[in-house]
Amino acid sequence: MGKIKYVGQLYDNTYRVNMHTHDMWEVVYYTQGHGSVNAGGKIIPFAENDIFIIPPNLPHMDYSDTGFKNYHYTFWDPDFSFSDFSVIKLQDSSHHDFLHMLKQLYTEFHMRRNNSERILDGLYDVLYQYILSFSDSIPQNAYVSRMIDDIIMR
């Protein structure tokens, strides 16, 4: 059984997705607009090219005064190695590498080729590697960064 369970797209300008949960991980990629995500009571702003990784069973919603569009997918992977308690916010590369793969994931999910499960698992693995790569480049707290710079410069 494949890891990808659903792949969707909000292609109309959307102003609100009501509070909901999933029993698996969800990844949301905002392709247009800006607003906020309320995840477990924590308000986190989003903008175009932001990627949110939402753990299973965490109540969340997104909303915007000006509207937004996104791609989103849910998956189950027992080896996924991120915190089960908080949302992770990442940003795509300047070349939109994650978005290109995500669009392909969307297409393959809805085409349902003969070997679609293997194709979807391959695309999932590529997206997972991007997530790992992007998470390694998360900006640190300014004090921590300054301290690391001081240590390295000595």
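It should be noted that the structure appears before, not after, this text.
Per chain, residue numbering runs from 1 following the sequence as it is written. Reporting of local features is limited, given that this is a predicted model, to residues whose pLDDT is at least 70; pairs of side-chain atoms are given and counted only at 80 or more, and all residues count toward the totals for whole chains, interfaces and linings. In computing side-chain properties, one takes all heavy atoms of the structure into account and sets aside hydrogens as well as water.

Draft legend 1. Highlighting the overall build of the protein chain. Working definition: helices are DSSP H or I runs of at least four residues, strands are E runs of at least two. Numbering for both runs from the N terminus. For the protein chain, the count of helices and strands is three helices and seven strands. In this description, contact between two residues means that some pair of their heavy atoms is separated by no more than 4.5 Å. A sequence separation of at least 24 residues applies to 76% of the contacts in the protein chain between residues at least 6 apart. Where accessible areas are quoted, they stem from the Shrake-Rupley method and a 1.4 Å probe; at the residue level, only the protein chains shown are allowed to cover. Working note: accessible area of the protein chain is about 9100 Å², and carbon and sulfur atoms make up 52% of it.

Draft legend 2. Representation of the pairing of strand β7 (residues 88-91) within the structure. Of the two faces of β7, the one lined by Ile88 and Leu90 is fully buried and the one lined by Lys89 and Gln91 carries no buried residue. DSSP calls a pair of strands paired once it identifies at least 2 bridges connecting them. Here strand β5 (residues 50-54) pairs with β7 via four bridges, running antiparallel. What sits directly across from phenylalanine 52, in β7, is lysine 89. Only protein chains enter the accessibility calculation, which uses a 1.4 Å probe; a residue whose area is less than 20% of its type maximum is buried, one above 50% is exposed, and one in between is partly exposed.

Draft legend 3. Looking closely at the packing of aromatic side chains. Ring pairs are drawn from Phe, Tyr and Trp, using the six-membered ring of Trp, whenever the two centres fall within 6.5 Å, and their geometry is named by plane angle: stacked under 30 degrees, edge-to-face over 60, tilted for the rest. Evaluation of the coordinates by the stated rule reveals 16 aromatic pairs. Look at tyrosine 73 and phenylalanine 75: their rings are 5.9 Å apart centre to centre, the planes differ by 40 degrees, and that puts the pair in the tilted class. Each member of the pair tyrosine 73 and phenylalanine 75 is classed as buried. Between phenylalanine 98 and phenylalanine 134, the aromatic rings sit 6.4 Å apart at their centres with planes inclined by 50 degrees, giving tilted as the arrangement. You can see phenylalanine 98 sitting in helix α1 (residues 97-111) and its partner phenylalanine 134 sitting in helix α2 (residues 116-136), a full 36 residues away along the chain. Taking the relative accessible area as the measure of exposure, phenylalanine 98 reaches 0% and is therefore buried. A relative accessible area of 10% means that phenylalanine 134 is categorised as buried. Ring-pair connections join several aromatic residues into one group, and the members of that group are Trp25, Tyr73, Phe75, Phe80, Tyr124 and Tyr128.

Draft legend 4. Spotlight on the nonpolar core. Ile4, Tyr73, Phe98 and Leu105 are the most contacted members of the largest nonpolar core, which has 26 residues in total. Secondary structure elements with two or more residues in this core: β1 (4-20), β2 (25-33), β5, β6 (60-75), β7, α1 and α2. Ranked by residue count, the leading element in this core is α2, at seven residues. Residues within four places of isoleucine 4 in sequence aside, it is in contact with Tyr73, Thr74, Phe75, Leu105, Phe109, Leu120, Asp121 and Tyr124. Residues Val28, Val37, Ala39 and Ile54 belong to the second largest nonpolar core, which totals eleven residues. Nine residue types can take part in a nonpolar core, namely buried Ala, Val, Leu, Ile, Met, Phe, Trp, Tyr and Cys, and a core is a set of them joined through side-chain atoms within 4.5 Å.

Draft legend 5. How the structure looks around unusual backbone geometry. We note that histidine 96 has phi near 60 degrees; this positive angle belongs to a residue other than glycine. Within the fold, histidine 96 resides in the loop between β7 and α1. Non-glycine residue arginine 112 carries a positive phi angle of around 55 degrees. Mapped onto the fold, arginine 112 is located in the loop between α1 and α2. For arginine 112, a relative accessible area of 49% gives the class partly exposed.

Draft legend 6. Seen up close, the pattern of salt bridges. By salt bridge we mean one thing: a side-chain nitrogen of Lys or Arg within 4 Å of a carboxyl oxygen of Asp or Glu. In total, this model carries three salt bridges according to the counting rule given. Glutamate 108 is the partner of arginine 113 in a salt bridge, and the nearest nitrogen-oxygen pair spans 2.6 Å. Arginine 113 gets classed as partly exposed once you look at its relative accessible area, which sits at 37%. Glutamate 108 gets classed as buried once you look at its relative accessible area, which sits at 4%.

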